Amino acid sequence: MEKQAPNLPVEVISYILHFLSMSDRKEASLVNRAWYAASLDQSLQKNVFYHVQGAYDSLEFIRHLGRRRASCVALSNLDASATSNMVVQNIALHLAPHLKNLLLQDSNITESSFMALVPSCRNLQGLDISGCNSLFMPGTLLSMEESKENTARALVDLRELNLSNLRYLSDFTFNQLTECTPKLQKLILAACPISFEFDPCRGEKLCNSSITLSLNNILCFLGRQAATLKCLNFSRTGITSEAVQSVVQVAGLHLEGLLLQHCKELTDDAVCAICTCQPGLTTLDLTGCSELTDRSVRAVARLLYLERLFLGKIRLLTDKGLKNLSTIPTLQALDMSECYQVSGLELVKGFSLPQTAANLVSLNFSCCTMVKDSCVFSMGTILRENLQELDLTSCVYITDFSIYVIANYLKGLTALRLGWCKEITDRGLLGLSVANDNCQLNTKEIRFQELRTLSLSMVREITDESVISIAVHCRSLERLALNHCGQLTDQGMMAAARHMKRLTNLEISCCDKITNQALEVLVQECKWLRSLDISMCGGLLLADIERLQLNHPRLTSVKANIWGSGPVSDSLNETE
């Protein structure tokens with residue numbers, strides 16, 4: 001007779017759940033009522049965002065979230081309507097005391113709704129009002145002293161403020177907001193129309209323009225807030241090299257993160273200044289700064305605390321410049337995507353030196369078309385179990401041999417992207433023998449206990465056999481992309497679905513042999529499935545899609561561009 005499982009206290013179960021991933025916690029919450037109650041522990045909910053739409057149907061859901069003491073909420077589709085006002089009032093009533101992170105991104109929230117909600121949120125640590133242009137268009141936000149005082153009391157502990165994509169942000173509204181955030185650590189101004197060269201204040205230290213946001217005003221703010229600020233984001237702005245140098249030289253400013261994605265005016269001189277003035281950086285994002293050269297990378301190699309480095313889309317970088325990156329002892333994540341002159345050989349050669357520590361957890365070689373099997377082999381033997389995320393998308397010359405290397409050495413992978421690697425076949429994925437003159441490897445199929453994300457889009461030679469094998473041997477899969485894998489059939493997808501119990505996102509667009517029969521099995525077997533891309537699947541009819549959406553409302557995102565049908569937008573859901 002089997003022994004019955006002991007009835008553990010909820011506090012003990014909550015402690016156990018802290019050691020599990022989000023997907024594991026979801027599964028564990030289904031054990032019984034006690035485990036479900038334990039999964040609602042506040043400390044387990046800190047990274048879970050609940051998405052709420054500004055619709056009447058959301059009211060009951062808001063009350064439910066209030067009972068769960070939800071701390072992170074994202075609102076969408078807000079406007080000046082009575083329904084949106086009702087949603088805001090209910091959030092202020094049921095959720096505001098518990099909220100730590102509030103996202104209003106790209107909504108049409110009005111100033112009156114903003115003032116009805118935010119002052120009630122007395123524990124906010126993160127506020128995202130990016131793209132909320134209707135809030136800033138009048139230019140009067142927090143102009144009333146009482147409104148500003150109420151907001152200041154609510155934002156006194158705010159750590160992160162996202163002001164991206166605000167066309168009407170001015171010195172005045174920027175100052176009104178930031179004067180309410182004395183403990184701010186992270187400021188995001190990505191894609192804001194900032195005046196970096198024109199000075200509307202004509203050299204005056206205090207700027208309060210109601211028309212534009214100026215560099216001079218930002219520098220004044222940085223001077224006041226230097227003691228707390230740790231991260232700045234000026235991505236997709238027209239920031240000049242001179243402006244960057246002014247920012248990093250602000251007295252008392254000690255940054256840990258600096259993001260400058262697609263800042264086209266950035267030069268090597270600016271990067272050298274960054275590395276000299278901010279030696280404590282742990283994150284540096286220079287993606288798309290197209291004027292940079294190997295000189296910038298040599299300067300970056302002096303940042304001895306750097307953990308995350310993003311150098312994607314810098315076309316002038318070469319292998320020679322990357323070799324010194326191996327001297328950074330703390331480097332964990334490196335993005336070299338779309339650096340077309342990079343083969344990766346000098347980089348991995350640097351990591352092979354005895355005085356370097358190969359601690360990389362994430363490596364992105366996406367669209368680096370010079371990366372070949374030899375690089376993957378060297379990388380696999382050096383990084384081994386440390387590497388968790390590997391992106392080789394569009395590395396078109398890698399073959400099944402690279403798959404053998406990955407299967408043999410990189411056993412700790414949680415994300416693997418091989419889209420557009422057209423030389424990969426069933427032989428590699430199934431571990432069938434392959435001839436190679438350079439080394440002898442045991443033949444192994446793709447088998448990763450912790451793999452959660454896998455992309456094989458445009459790998460057209462794979463068949464049902466590979467997909468079934470992956471499903472059987474990678475039971476933790478949550479995201480799977482098989483777009484344009486035209487040999488896949490209903491039989492393969494149905495057999496695979498029975499093993500992919502944790503699948504949440506599936507992409508099978510342009511797989512013409514997939515029909516409604518496979519979809520029905522998928523949604524029945526994969527209980528956590530929320531997002532499905534079945535665009536341009538020739539075996540599906542519009543009626544099949546409509547029936548799928550009607551019968552399975554938990555599918556919150558369906559992309560189904562089939563003869564004129566459009567994608568279904570997200571409804572209420574939760575993400576981590």
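See the structure shown above.
Cut-offs applied
- Residues numbered from 1 in each chain as written.
- Predicted model: local features only at pLDDT ≥ 70, side-chain atom pairs only at ≥ 80, totals over all residues.
- Heavy atoms only, no water.
- Helix = DSSP H or I, 4+ residues; strand = E, 2+ residues; numbered from the N terminus.
- Rg over C-alpha atoms; globule rule 2.2 N^0.38 Å.
- Buried < 20%, exposed > 50% of the residue type's maximum accessible area, 1.4 Å probe, protein only.
- Contact = heavy atoms within 4.5 Å.
- Lys, Arg positive; Asp, Glu negative; His and termini not counted.
- Charge placed at Lys NZ, Arg CZ, Asp CG, Glu CD.
- Axes fitted to C-alpha atoms, helices over the stretch in contact; angles between N-to-C directions.
- Parallel < 35°, antiparallel > 145°, perpendicular 65-115°, else oblique.
- Left-handed = near helix turned anticlockwise from the far one by under 90°.
- Nonpolar A, V, L, I, M, F, W, Y, C, P; charged D, E, K, R; others polar.
- 1 Å grid on protein atoms, 1.4 Å probe; cavity = no way out; pocket = protein on both sides within 12 Å on 5 of 7 lines; lining within 4 Å.
- Points joined across faces, edges and corners; volume = space filled by probe spheres on them.
- Phe/Tyr/Trp six-rings, centres within 6.5 Å; stacked < 30°, edge-to-face > 60°.
- Lys NZ or Arg CZ within 6 Å of the ring centre and 35° of its normal.
- Core = buried A, V, L, I, M, F, W, Y, C linked by side-chain atoms within 4.5 Å.
- Polar contact = N/O pair within 3.5 Å; in protein donor to acceptor, adjacent residues only side chain to side chain.
- Salt bridge = Lys/Arg side-chain N within 4 Å of Asp/Glu carboxyl O.
- Arc of directions from axis to C-beta.
- Patch = residues over 30% accessible without salt bridge, like charges linked within 9 Å, V, L, I, M, F, W, Y side chains within 5 Å.
- Areas by Shrake-Rupley, 256 points an atom, 1.4 Å probe, with all protein chains shown as cover.
- Right-handed = clockwise from strand over helix to strand, strands pointing away.

Draft legend 1. Expanded view of the overall build of the protein. Helix and strand content of the protein: 22 helices and 22 strands. For 576 residues, the compact-globule estimate of 2.2 N^0.38 gives 25 Å, and the C-alpha radius of gyration of the protein, at 26 Å, lies within 12% of that figure. Its C-alpha atoms put the protein at 70 × 60 × 55 Å along the principal axes. Counting the 576 residues in the protein, one finds 54% classified as buried. Summarising the internal contacts of the protein: among those between residues at least 6 apart in sequence, 77% fall at separations of at least 24. Between the centroid of the 53 positive side chains of the protein and the centroid of its 59 negative side chains there is a distance of 4 Å.

Draft legend 2. Up close: unusual backbone geometry. Even without being glycine, Cys-367 reaches a positive phi, approximately 65 degrees. One can find Cys-367 in the loop between strand E14 (362–364) and helix H16 (373–383).

Draft legend 3. Here's a closer look at the packing of helix H9 (residues 171–178) against helix H10 (residues 215–225). Viewed as axis vectors pointing N to C, H9 and H10 meet at an angle of 15 degrees, and their least axial separation amounts to 11 Å. Classed by the angle they form, the pair H9 and H10 counts as roughly parallel. Here the hand of the crossing between H9 and H10 comes out right-handed. The segment H9 lies against H10, with Asp-171, Phe-174, Asn-175 and Thr-178 engaging Asn-217, Phe-221 and Arg-224. For the contact of H9 with H10, a count of residues per class yields two nonpolar, three polar and two charged.

Draft legend 4. Inspection of the layout of surface pockets at higher detail. The volume enclosed by the second largest pocket comes to roughly 420 Å³. As for the second largest pocket, its lining consists of 19 residues, and the residues nearest its centre are Lys-100, Asn-101, Gln-125, Gly-126 and Glu-160. Mapped by element, the contributors of at least two residues to the lining of the second largest pocket are strand E3 (101–103), strand E4 (126–128) and strand E5 (160–162). Here the lining of the second largest pocket is built from residues that sort into five nonpolar, eight polar and six charged.

Draft legend 5. Summary view of the packing of aromatic side chains. Inspection of every chain in the model, using the stated rule, returns four aromatic pairs. Consider the rings of Phe-196 and Phe-234, whose centres lie 6.4 Å apart with planes at 75 degrees: the pair is edge-to-face. With Phe-196 in the loop between strand E7 (194–195) and strand E8 (213–214) and Phe-234 in the loop between strand E9 (231–233) and helix H11 (241–248), the pair connects residues that are 38 residues apart, well separated along the chain. Measuring from centroid to centroid gives 6.1 Å for Phe-377 and Phe-401, while their planes differ by 40 degrees, and the two rings are tilted. On the criterion of sequence distance, the pair formed by Phe-377 in helix H16 and Phe-401 in helix H17 (residues 400–409) is long-range, its members being 24 residues apart. Residue class for Phe-377 comes out partly exposed when judged on its relative accessible area of 23%. When the ring centre of Tyr-397 is taken as reference, the NZ or CZ atom of Lys-372 above it lies at 5.6 Å.

Draft legend 6. Main features of the nonpolar core. One finds Leu-163, Leu-189, Phe-365 and Ile-534 to be the most contacted residues of the largest nonpolar core, which totals 172 residues. No other element matches H17, which puts six residues into this core. Apart from the residues within four sequence positions on either side, Leu-189 is in contact with Leu-163, Ser-164, Leu-169, Phe-174, Ile-194, Leu-213, Ile-218, Asn-233, Phe-234 and Thr-237. Within the second largest apolar cluster, six residues are counted, among which are Ile-13, Ala-28, Ala-38 and Leu-44.

Draft legend 7. Expanded view of the side chain of Thr-178. Considering the arrangement of structural elements, one finds Thr-178 in helix H9. For Thr-178, a relative accessible area of 3% translates into the label buried. Separated by 2.8 Å, the side chain of Thr-178 and the backbone oxygen of Phe-174 make a polar contact. Every residue in contact with Thr-178, bar those within four places of it in the chain, is listed here: Leu-161, Phe-221 and Arg-224.

Draft legend 8. Here's a closer look at helix H20 (residues 490–497). Among the eight residues in H20, six count as buried, and that is most of the element. Looking at H20, one finds that the buried residues are Asp-490, Gly-492, Met-493, Met-494, Ala-496 and Ala-497. The inward-facing, buried residues of H20 contact helix H19 (464–473), strand E19 (505–507) and helix H21 (516–525).

Draft legend 9. Highlighting the pattern of salt bridges. In this structure the tally under the stated criterion is 13 salt bridges. Ionic pairing is found between Arg-315 and Glu-338, a salt bridge with its closest N-O pair at 3.5 Å. Note that Arg-315 is positioned in the loop between strand E12 (308–310) and helix H14 (319–322) and Glu-338 in the loop between strand E13 (333–335) and helix H15 (345–351), a separation of 23 residues in sequence. On the basis of relative accessible area, Arg-315 is assigned to the partly exposed category, the value being 39%. Note that Lys-349 is salt-bridged to Glu-346, the shortest N-O span being 3.3 Å. One end of the pair is Lys-349 and the other is Glu-346, both in helix H15 and three residues apart, which spans about a single turn.

Draft legend 10. Spotlight on H11. Within the sequence span of H11, burial applies to Ser-241, Ala-243, Val-244, Val-247 and Val-248. Buried residues of H11, viewed axially, fall in a sector of 160 degrees; they line one side.

Draft legend 11. How the structure looks around the environment of Ser-466. Mapping Ser-466 onto the fold places it in helix H19. Residue classification places Ser-466 among the buried positions, given a relative accessible area of 1%. Separated by 39 residues in the primary sequence, Ser-466 and Arg-427 have C-alpha atoms spaced 8.6 Å apart. Among the polar contacts listed, one links the side chain of Ser-466 to the side chain of Asp-426, at a separation of 2.4 Å.

Draft legend 12. Expanded view of empty space enclosed by the protein. Taken as a whole and judged by the stated rule, the model has one cavity of 30 Å³ or more. For the largest cavity, the full set of lining residues is Leu-347, Val-348, Phe-351, Leu-360, Leu-363, Met-379, Ile-382 and Leu-383. Elements with a minimum of two residues in the lining of the largest cavity: H15 and H16. Here the lining of the largest cavity is composed, by residue class, of eight nonpolar, no polar and no charged.

Draft legend 13. Highlighting a negative patch on the surface. Together, Glu-197, Glu-242, Glu-265 and Glu-291 line one region of the surface with negative charge. By secondary structure assignment, the location of Glu-197 is in the loop between E7 and E8. A relative accessible area of 70% means that Glu-197 is categorised as exposed.

Draft legend 14. Focus on the pairing of strand E1 (residues 49–53). Judged by which residues are buried, E1 turns out to be one-sided: Tyr-50 and Val-52 face inward and are buried, whereas Phe-49, His-51 and Gln-53, on the alternate face, are not. For the crossover that starts at E1, traverses helix H4 (residues 58–67) and ends in the parallel strand E2 (residues 72–76), the hand is right-handed.

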